[in-house]
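# Tertiary structure, described
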Amino acid sequence: MRNQIYLGSIALEKNRWVAGRMPTYLVSDYLEQIKKDGFAGIELWENHYMKAGSAERKKLAGAEIDFIFNSYLSLKDGITDEIREIAAAIRDLSAKAVKFNYSLRDFDWNPGYTEEDYITQTDNLLRFAELVPGMKLLCECHANTLMEHPQRAGEVFARLDERFGAIVHLSDGREHLEACFDCYGDRIRHIHTANAVEGIGFDYLESADIRMRDNYELMVSRGFAGTLTIEFVKNAADAQGYYTAAQRDLKYLIKLTEEAEG
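Everything quoted here is computed from the prediction, not taken from an experiment. (Residues numbered from 1 in each chain as written. Predicted model: local features only at pLDDT ≥ 70, side-chain atom pairs only at ≥ 80, totals over all residues. Heavy atoms only, no water.)

## Details of the overall build of the protein
Looking only at helices and strands, the protein has nine helices and 10 strands in total. Scaling as 2.2 N^0.38, a compact globule of 262 residues should have a C-alpha radius of gyration of about 18 Å, and the protein matches this with 18 Å. For the protein, the spread of C-alpha atoms along the principal axes amounts to about 45 × 45 × 35 Å. Residues counted as buried form 52% of the 262 residues belonging to the protein. Taking all contacts inside the protein whose residues are at least 6 apart in sequence as the whole, residues at least 24 apart take part in 75%. For the protein, the exposed surface amounts to about 11700 Å²; the carbon and sulfur share of it is 47%. Within the protein, one finds 31 positive and 43 negative side-chain charges whose respective centroids are separated by 5 Å. (Helix = DSSP H or I, 4+ residues; strand = E, 2+ residues; numbered from the N terminus. Rg over C-alpha atoms; globule rule 2.2 N^0.38 Å. Buried < 20%, exposed > 50% of the residue type's maximum accessible area, 1.4 Å probe, protein only. Contact = heavy atoms within 4.5 Å. Areas by Shrake-Rupley, 256 points an atom, 1.4 Å probe, with all protein chains shown as cover. Lys, Arg positive; Asp, Glu negative; His and termini not counted. Charge placed at Lys NZ, Arg CZ, Asp CG, Glu CD.)

## As for the side chain of Asn-215
Topologically, Asn-215 is positioned in helix H8 (residues 209–221). Owing to a relative accessible area of 3%, Asn-215 belongs among the buried residues under this scheme. Once residues lying within four places of it in the same chain are set aside, the contact partners of Asn-215 are Leu-170, Ser-171, Asp-172, Arg-174 and Leu-177.

## Structural notes on the pairing of strand E5 (residues 136–140)
Every other side chain in a regular strand lies on the same face of the sheet, so the side chains alternate between the two faces. With four of its five residues buried, E5 lies for the most part within the structure. Of the strand pairs in this sheet, strand E4 (residues 97–100) and E5 are connected by four bridges, and their pairing is parallel. Its bridge partner lying in E5, Phe-100 is registered against Cys-139. Examined bridge by bridge, E5 and strand E6 (residues 164–169) share four bridges and lie parallel to one another. The residue of E6 that forms the bridge with Leu-137 is Phe-164. You can see the chain leave E5, run along helix H6 (residues 150–158) and come back into E6, and the turn it takes is right-handed. (Pairing = 2+ DSSP bridges. Right-handed = clockwise from strand over helix to strand, strands pointing away.)

## Focus: the packing of helix H7 (residues 174–184) against H8
Where H7 contacts H8, the two axes come as close as 11 Å, and the packing angle between them is 15°. By the angle class used here, H7 and H8 are roughly parallel. Helix-helix and strand crossings are classified by hand; for H7 and H8 the assignment is right-handed. Counting all contacts with H7, which are made through Arg-174, Leu-177, Glu-178 and Phe-181, the residues of H8 involved are Asp-214, Asn-215, Leu-218 and Met-219. In the contact of H7 with H8, the residues fall into four nonpolar, one polar and three charged. (Axes fitted to C-alpha atoms, helices over the stretch in contact; angles between N-to-C directions. Parallel < 35°, antiparallel > 145°, perpendicular 65-115°, else oblique. Left-handed = near helix turned anticlockwise from the far one by under 90°. Nonpolar A, V, L, I, M, F, W, Y, C, P; charged D, E, K, R; others polar.)

## Things to note about the pattern of salt bridges
Applying the stated criterion across every chain, the model contains 15 salt bridges. Across the pair Asp-182 and Arg-222 runs a salt bridge, and its minimum N-O distance is 2.8 Å. Remark: Arg-222 occurs in the loop between H8 and strand E10 (227–230) and Asp-182 occurs in helix H7; sequence separation between them is 40 residues. Accessibility expressed as a relative area gives 56% for Asp-182, which makes it exposed. (Salt bridge = Lys/Arg side-chain N within 4 Å of Asp/Glu carboxyl O.)

## Describing the sheet that holds strand E3 (residues 66–70)
Read once around its circumference, the closed barrel built from eight strands follows the order E1-E2-E3-E4-E5-E6-E7-E10, with strand pairing classed as parallel. Recorded for the sheet is a direction-independent mean angle of 30° between the axes of neighbouring strands. For strand E7 (residues 188–193) and E10, the ladder comprises four bridges, and the chain directions are parallel. Each residue of the ladder has a partner; that of Ile-191, found in E10, is Leu-228. Across the sheet, H7 lies against E6 and E7, angled at about 170° from E6, the strand it touches most.

## Things to note about the nonpolar core
In this structure, Tyr-102, Phe-128 and Leu-137 are the most contacted members of the largest nonpolar core, which totals 77 residues. In terms of residues, this core owes the most to one element, helix H9 (residues 239–261), which gives 10 residues. In this view, Tyr-102 contacts Leu-75, Tyr-118, Gln-121, Thr-122, Leu-125, Cys-139, Thr-145, Leu-146, Met-147, Val-156 and Leu-160; residues no more than four positions away in its chain are not counted. (Core = buried A, V, L, I, M, F, W, Y, C linked by side-chain atoms within 4.5 Å.)

## Overview of unusual backbone geometry
Here Ala-19, not a glycine, exhibits a phi torsion of approximately 50°, which is positive. Mapped onto the elements, Ala-19 comes out in the loop between strand E1 (5–8) and helix H1 (31–37). Its relative accessible area of 53% is what places Ala-19 among the exposed residues. Positive phi, close to 50°, is recorded for Ser-94, a residue that is not glycine.

## Focus: H6
Taken together, the buried positions of H6 are Pro-150, Arg-152, Ala-153, Gly-154, Val-156 and Phe-157. Turning to H6, the residues buried within the fold contact helix H5 (115–129), E5, E6 and H7.

Shown next as structure tokens:
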């Protein structure tokens, strides 16, 4: 399983939610260490490429490492210039896959949205896919989006072909994960890992060992054979501190996945 665990570049980024989401470090500075430590590749946060200078973009595009492009592109407004720029970046990087989100909250419990909104976003997604031919597109089935609810997510995937897969979260509740596998288990191809702890932010994965282990064993028993990304790690002061925490989580995940898979 060692070669199936990616590092999310957002995990090392202290500005991921603040300060205009401007990056504070260069991903290229960590390329050799990431390879040396045995990560399969990098899930590259879009701002680490889109807001980077030309020299950094060139280094990343020329890196001999696999990328999943982590985008927060909007599916609301059709194929905008921003969407075209994101598609060009994905092609320049020769990324293996792109992660995206449905930005729309479920209209069943948010009456400001309608069935037409859900259809429009799916149609826009299909148009985006045409700009990145041959690409695997991985939808993060995230809270507060249309894809949070397993039954609705299953309905979405029923409209989409095999290019489109799902991302679920290792820390989710067991009943929720079971429902995800019931409704679209054949599309679950990637896992995001993080251990959010109320009041303190994030902690090491091993501090929630029972939950992480039980959930992964459930996933394997339901046929999961995909990849993982370390999405967020224990709080730190800077990118190097975050990376040290990611190294510890990598060791934990290698052990956990190897044991679960026998």
